[in-house]
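# A look at the structure
Each chain, letter by letter, is given below.
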Amino acid sequence: MLRFILKRVFWALFVVFVVISGVFFAVRGIGDPARARFGPQAQQSVLDAYRKQHGLDRPIVEQYLSYIGGVVQGDFGRARQNDQPVVDVIGARLPRTLLLGAMAMFFELLIGLSVGIIAASFRNSYLDTSLMALSFVGISAPTFLTGLLFLNWWAFRLGWFPVGGYGLGLWSSIYHTILPAFTLAIFGAATYALLIRSELIEKLFSDYVRTARAKGLSPVRVILAHGVRNALLPVVTLMGLQLRTLVSGAIITEAIFAYPGIGRLAWESLNTWDDMMILSVTTISCAAVLIGNTLADIAVAGLDPRVRLGHS
């Protein structure tokens with residue numbers, strides 16, 4: 001098991017290195033940070049002075065090695081727009097995005113597993129058909145559309161939730177995060193519902209479930225203790241993959257709800273072409289996804305020995 005974990009960790013570090021390298025050359029190749037900072041009408045002398053001050057006049061490979069060396073030491077450079085350390089800017093916003101992601105994951109699992117279990121328990125009924133139709137709608141609907149609909153209905157018309165922003169204090173912050181988190185959770189909840197329904201129906205026709213029924217166990221106990229528990233293995237794998245969706249969806253969701261997290265910071269950085277911030281946000285997002293996938297792989301390997309044997 002230790003060998004499996006070490007292999008997964010080294011693989012994750014390698015992927016992060018490849019992503020950082022690819023994004024660095026892509027960002028530096030697409031835009032000019034000096035032009036983005038001072039605009040197209042800036043004088044050439046001002047641009048040259050800025051490039052020399054920030055090392056942008058050096059060869060691209062030299063800039064890359066300098067950036068990688070800083071990242072290894074925990075130095076992600078300084079933001080172009082306000083000259084603040086990137087680590088400080090991200091550190092101020094990261095807890096808000098972590099709260100958003102945690103609440104979105106909670107809503108995904110709560111709604112998705114509940115809908116999937118109910119649909120499987122009443123399979124081929126009108127209730128099952130209705131819940132699966134809603135799940136397909138949830139998967140198909142774009143995040144920006146569901147976000148705008150929820151914002152218009154629950155915030156502007158009914159006034160149940162704030163229009164946007166982030167509150168002061170824990171409970172106010174949670175209250176401000178409910179609507180963005182629910183929006184972010186729609187796709188994942190629908191995915192979990194379809195997956196757990198399919199897995200649970202398969203498990204309910206297994207021999208050990210028939211044996212449990214023959215022993216006289218109640219239908220609820222048969223479903224929860226023998227069906228759901230054995231159908232959760234693919235859900236653990238999906239949880240790791242869902243982190244990628246949460247990270248990418250957070251950019252759109254935070255922009256719609258004016259939520260001051262990492263996603264909105266990424267959106268602002270793209271608009272101003274703050275290359276240092278774009279690089280750092282991409283690195284953190286990639287690392288978050290890989291950490292989630294690695295933890296999911298380790299959890300699956302712990303639950304199913306065949307997985308780690310297949311990787312050893």
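The rules behind each value
- Residues numbered from 1 in each chain as written.
- Predicted model: local features only at pLDDT ≥ 70, side-chain atom pairs only at ≥ 80, totals over all residues.
- Heavy atoms only, no water.
- Helix = DSSP H or I, 4+ residues; strand = E, 2+ residues; numbered from the N terminus.
- Expected span 1.5 Å × (residues − 1).
- Bend = angle between axes of the 7 residues up to and from the residue.
- pLDDT = per-residue confidence, 0-100.
- Salt bridge = Lys/Arg side-chain N within 4 Å of Asp/Glu carboxyl O.
- Buried < 20%, exposed > 50% of the residue type's maximum accessible area, 1.4 Å probe, protein only.
- Contact = heavy atoms within 4.5 Å.
- Polar contact = N/O pair within 3.5 Å; in protein donor to acceptor, adjacent residues only side chain to side chain.

## What about helix 8 (residues 170-204)?
Along its 35 residues, helix 8 runs just 42 Å from first to last C-alpha, ending more than 12% under the 51 Å computed at 1.5 Å per residue. Largest kink in helix 8: about 40 degrees, centred on Ile186.

## A closer look at the confidence of the model for the protein
For the protein, per-residue confidence averages 83 on the pLDDT scale, and 96% of positions sit at 70 or higher. Least confident of the elements in the protein is helix 14 (residues 305-311), whose mean pLDDT is 57; most confident is helix 6 (residues 126-140), at 90.

## Notes on the pattern of salt bridges
The full count for this structure, using the stated rule, is 6 salt bridges. Between Glu62 and Arg58 there is a salt bridge whose closest N-O contact spans 3.6 Å. Residue classification places Glu62 among the partly exposed residues on the basis of a relative accessible area of 38%. Judged by its relative accessible area of 32%, Arg58 is partly exposed. Here the salt bridges share partners, and the residues they tie into one network are Arg93, Arg264 and Glu268.

## Quick look at the environment of Leu204
As for its position among the elements, Leu204 is in helix 8. The buried category is assigned to Leu204, whose relative accessible area is 3%. Measuring from C-alpha to C-alpha, the distance between Leu204 and His226 comes to 8.2 Å, with 22 residues separating the pair along the chain. Every residue in contact with Leu204, bar those within four places of it in the chain, is listed here: Ala120, Arg123, Val209, Arg213 and Ile223.

## Regarding unusual backbone geometry
The phi dihedral of Ala258 falls on the positive side, at around 50 degrees, and the residue is not glycine. Mapped onto the fold, Ala258 is located in the loop between helix 11 (233-256) and helix 12 (262-272). You can call Ala258 partly exposed: its relative accessible area is 32%. Its identity is not glycine, yet Trp273 carries a phi of approximately 50 degrees, on the positive side. As for its placement among the helices and strands, Trp273 is situated in the loop between helix 12 and helix 13 (275-303). What makes Trp273 buried here is its relative accessible area of 19%.

## Section: the side chain of Lys203
For Lys203, the location among the structural elements is in helix 8. By relative accessible area, Lys203 is classed as buried at 15%. Sequence-distant contacts of Lys203, that is, excluding residues within four places in its chain, are made with Tyr208, Val209, Gly227, Asn230 and Ala231.

## A short note on the side chain of Arg93
Turning to its location among the elements, Arg93 is positioned in helix 5 (residues 86-121). Within the structure, Arg93 has its side chain in polar contact with the side chain of Glu268 (distance 3.4 Å).

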